[in-house]
Amino acid sequence: MLAYIVRRLLYAIPILIGVNLFTFALFFVVNTPDDMARMQLGVKRVTAEAIQKWKAERGYDKPLVWNAAAAGSAALTDTIFFSKSVRMFAGDFGRADDGRDIAREIRDRMGPSLAIALPTFVLGLFVAISFALLLVFFRATALDFSGVVLCVAMMSISGLFYIIGGQWLVSKVWHLVPISGYSGGLDAAKFLILPVLIGVIGGIGSSARWYRTIFLEEIGRDYVRTARAKGLPERVVLFRHVLRNALIPILTGVVVVIPTLFMGSLLTESFFGVPGLGSYTIDAINAQDFAVVRSMVFIGSVLYIVGLLLTDLSYTLADPRVRLQ
Amino acid sequence: MSFQPVVLWSDALLFVLIAVIVGLSLWARRQDALRGAWARVARDRVAMAAATVLAVFVLIGLLDSLHYRARLESPAGATARYAVEVNSALDALLTDLRSRTEKTYSAPLATHLFAREALENSTQREFPRLQHGGAQLGDELSGHEADIAVRVLRGVAGGLVAWLLLMLLVRTATVGSGGTALRTVAMTLLPILLLFGVAISLGGGYHVFGTDKVGQDVLYLSLKSIRTGLLIGTLTTLVMLPAAVALGILAGYVGGWVDDLIQYLYTTLSSIPGVLLIAAAVLMMQVVIDTHPEWFATSAERADARLLALCLILGMTSWTGVARLLRGETLKLRELEFVQAAQAFGVGSFAIMRRHILPNLMHIVLISLVMDFSGLVLAEAVLSYVGVGVDPTTISFGTMINTARMELAREPMVWWSLVAAFSFMFTLVLAANLFADAVRDAFDPRSSA
């Protein structure tokens with residue numbers, strides 16, 4: 001088991017290097033730092049000095065990968081590639097355009113992101129699986145059919161509609177909770193209820209339908225017939241046998257998401273004014289803060305790779321037959 | 001000629017796509033297995049209704065893809081000059097809607113502007129009269145409701161007549177043939193034509209869905225958004241398919257270091273969260289477009305380039321899933337007898353992949369094509385909201401929602417742009433989802449059990 005984990009972690013290294021090289025190419029080779037400076041400064045204020053100053057502020061005035069002017073190992077380290085890309089492995093993301101340390105900002109903003117993403121995830125999973133089990137329990141009846149129709153209709157609605165509609169109905173018409181905002185401590189609950197609720201409702205359609213397909217596939221298996229034949233009530237068949245056997249396909253889709261919960265949700269956070277990583281990313285995109293976007297891409301990939309590893313480990317918990325070597 | 005045709009890159013690709021679809025369907029008619037699968041789709045009533053709705057959307061999108069530049073007035077004999085503005089056949093059909101702009105917001109079917117303004121000869125701030133909405137009523141506004149009712153009735157009657165004429169034509173053309181499929185199409189066309197009739201009849205005198213901030217008719221904007229949604233939904237899959245198919249089959253069939261390399265490539269790409277990858281790539285593409293203004297003759301061309309680039313970027317993030325599926329399926333096919341027989345006969349690897357493997361993967365390609373469509377249409381709106389979507393000058397559901405969102409805090413609310421965009425989008429995506437389900441059920445060998 002331990003050997004397996006270590007080997008998987010070693011496999012992750014070339015992938016992270018690949019992600020790193022890819023982002024480096026995307027941000028510094030497709031466009032030169034001069035291009036970025038010209039774009040950010042706007043056409044009117046572009047002078048050679050302004051570009052130089054912009055680049056010097058961000059440390060983009062070094063050579064890309066090989067500094068011929070420097071001596072010894074500095075030829076490799078005193079470059080954009082080393083200072084901006086390689087340093088990310090050490091958790092050093094540099095500074096954003098407003099001068100703040102990105103790594104620190106990320107640590108501060110993780111909490112609010114999790115405060116929304118985690119309840120949404122857990123509650124959403126619970127509601128979707130329960131709904132899917134309900135539909136499977138009443139399979140091939142009018143209830144099942146209308147449930148599937150509801151799912152298809154719900155997944156055809158834009159996520160933006162759920163947010164805008166929810167804010168309008170709950171906050172503006174019913175005045176139940178504030179439209180947006182955030183605060184620490186227990187006070188946060190009144191800000192969190194609505195985004196979590198909207199997140200759960202918006203996700204039901206596609207996930208419940210997906211779980212229903214998985215359960216229906218399992219229900220045709222022989223062991224289910226055996227369970228029924230020995231006289232188990234349908235309720236027990238569903239919860240004890242079908243649900244447990246359907247765990248593997250469910251885990252495949254679900255566990256990989258858990259680490260990325262740290263990243264928060266772009267839409268929810270920006271609509272509800274939550275100071276998490278999602279709104280941080282959106283602000284960075286709108287302000288064209290390349291350093292922040294680059295860091296978020298890297299962190300996102302790291303978390304995704306961790307998620308893949310966790311998925312494999314979770315199989316051993318769900319299914320005793322799975323042995324990882 | 002009174003106009004100069006303009007073929008934007010996206011138009012060209014769209015026409016290529018149509019040609020490919022027509023070619024493939026002609027080819028599929030001769031294949032028994034494919035004809036059987038499509039016949040199953042045709043027997044599905046929900047699928048046929050959805051297909052009819054989709055066809056109407058596609059028709060609007062195609063009309064909107066025939067671009068031209070109108071000829072400017074110039075003395076006879078002089079060399080012809082053409083307008084900078086690029087219009088489409090749809091614009092020409094909707095000249096009325098397009099040209100009758102108001103000053104700013106007005107509610108659906110309203111006769112007055114939405115906001116009070118200081119009028120010239122009065123000290124009070126009042127709601128100014130609309131220039132076009134309800135202009136036929138005169139100043140006294142006598143019979144506003146009656147006028148609307150008459151127009152609705154006339155629209156319903158017109159739609160009904162159009163439908164009956166159409167049915168008569170079809171009836172005479174296909175005597176005896178035509179089963180449930182045609183009947184479903186006919187039943188779906190009835191409400192569509194009724195809606196069209198009402199919209200045309202009301203649109204002659206009012207702004208059916210109101211007007212937006214700069215006074216443009218929201219119905220016109222919604223119709224124009226359809227093309228953008230369709231393009232993003234189809235071109236994205238089209239541009240990524242060749243690479244995904246080639247790499248997937250290569251990895252599965254050749255194996256060895258080729259397999260390792262391709263797997264590494266798509267694992268790396270797919271481990272970057274989609275939205276972030278798209279955001280980063282779009283930011284970079286914006287820099288390229290902004291620093292090379294000389295590449296584009298008109299602003300329409302620039303917006304078009306950005307739309308295409310967005311499709312490419314979306315394709316870059318979504319090809320990995322298809323490639324993985326195809327690789328897995330190729331691994332299975334490679335071990336089957338017919339492939340081994342071909343190998344024993346000395347058929348080359350390339351020929352085997354093309355003639356024996358590829359045709360057996362087409363159902364996966366088709367299924368992923370139709371399944372991805374609705375997700376991409378929805379993604380466009382979200383991306384435009386995040387600021388990494390289409391060009392702000394391109395009319396799309398995303399840009400409509402984005403501009404309307406700013407006005408939500410207003411009291412009373414400006415809701416009609418949002419409602420129009422969301423309902424058009426919902427209809428399109430729902431139809432696409434239903435159709436995709438039917439196609440998947442018909443083509444997926446696992447589902448036939």
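A quick note: this is a predicted structure, and the numbers were derived from the prediction, not measured.

(A) Here's a closer look at the interface of chain B and chain A. Across the contact, 47 residues belong to chain B and 44 residues belong to chain A. Summing both sides of the interface, chain B and chain A together bury roughly 3700 Å²; the carbon and sulfur share of this comes to 77%. Scanning the region where chain B abuts chain A turns up one salt bridge. Ionic pairing is found between Arg209 of chain A and Asp437 of chain B, a salt bridge with its closest N-O pair at 2.7 Å. Applying the counting criterion to the chain B and chain A interface returns five residue pairs in polar contact (both at pLDDT 80 or more). When residues of the side of chain B that touches chain A are traced back to their parent elements, those giving at least two are helix H9 (256-270), helix H10 (274-291), helix H14 (362-386), helix H15 (397-405) and helix H16 (416-443) of chain B. With 13 residues, H10 of chain B is the largest single contributor of residues to the side of chain B that touches chain A. Here the side of chain B that touches chain A is composed, by residue class, of 32 nonpolar, eight polar and seven charged.

(B) Examining the sheet that holds strand S3 (residues 87-88) of chain B more closely. Residues and elements named next belong to chain B. Strand order in the open sheet formed by three strands is S1-S2-S3, with antiparallel pairing between adjacent strands. If you trace the sheet from one side to the other, it starts and ends with strand S1 (3-6) and S3, each paired once. The sheet contact formed by strand S2 (residues 67-70) and S3 spans two bridges and is antiparallel. Counterpart to Tyr68 in the pairing with S3 is Asn87.

(C) Seen up close, a nonpolar patch on the surface. Residues and elements named next belong to chain A. Together, Leu2, Val6, Leu10, Ile13, Ile17, Leu21 and Phe89 make up an exposed nonpolar region whose accessible area comes to about 660 Å². If you trace the backbone, Leu21 turns up in helix H1 (residues 2-29). Exposure remark for Leu21: the relative accessible area of 44% places this residue in the partly exposed category.

(D) Region of the structure containing the confidence of the model for chain B. Taken over all residues, the pLDDT of chain B has a mean of 84, while the share at 70 or more is 94%. Scored by ipTM, the complex comes to 0.88, with pTM at 0.90.

(E) Broad picture of the packing of aromatic side chains. Overall, the coordinates contain 11 aromatic pairs over all chains when judged by the stated rule. Ring geometry for Phe161 of chain A against Phe422 of chain B: centres 5.0 Å apart, planes inclined by 80 degrees, an arrangement best described as edge-to-face. Of this pair, Phe161 of chain A sits in helix H8 (residues 159-173) while Phe422 of chain B is found in helix H16, placing the two residues in two different chains. Look at Phe422 of chain B and you get buried, because its relative accessible area is 8%. Taken together, a centroid distance of 6.3 Å and an interplanar angle of 85 degrees make the contact between Phe209 of chain B and Phe424 of chain B edge-to-face. Taken together, the residues Phe209 of chain B in the loop between helix H7 (180-203) and helix H8 (218-254) and Phe424 of chain B in helix H16 connect sequence positions 215 residues apart. Aromatic ring contacts, followed pair by pair, group Phe24, Phe28 and Phe81 of chain A into a single cluster.

Conventions and cut-offs
Residues numbered from 1 in each chain as written. Chains lettered and ligands numbered in written order. Predicted model: local features only at pLDDT ≥ 70, side-chain atom pairs only at ≥ 80, totals over all residues. Heavy atoms only, no water. Contact = heavy atoms within 4.5 Å. Buried area = accessible area lost by both parts, 1.4 Å probe. Salt bridge = Lys/Arg side-chain N within 4 Å of Asp/Glu carboxyl O. Polar contact = N/O pair within 3.5 Å; in protein donor to acceptor, adjacent residues only side chain to side chain. Helix = DSSP H or I, 4+ residues; strand = E, 2+ residues; numbered from the N terminus. Nonpolar A, V, L, I, M, F, W, Y, C, P; charged D, E, K, R; others polar. Pairing = 2+ DSSP bridges. Patch = residues over 30% accessible without salt bridge, like charges linked within 9 Å, V, L, I, M, F, W, Y side chains within 5 Å. Areas by Shrake-Rupley, 256 points an atom, 1.4 Å probe, with all protein chains shown as cover. Buried < 20%, exposed > 50% of the residue type's maximum accessible area, 1.4 Å probe, protein only. pLDDT = per-residue confidence, 0-100. Phe/Tyr/Trp six-rings, centres within 6.5 Å; stacked < 30°, edge-to-face > 60°.

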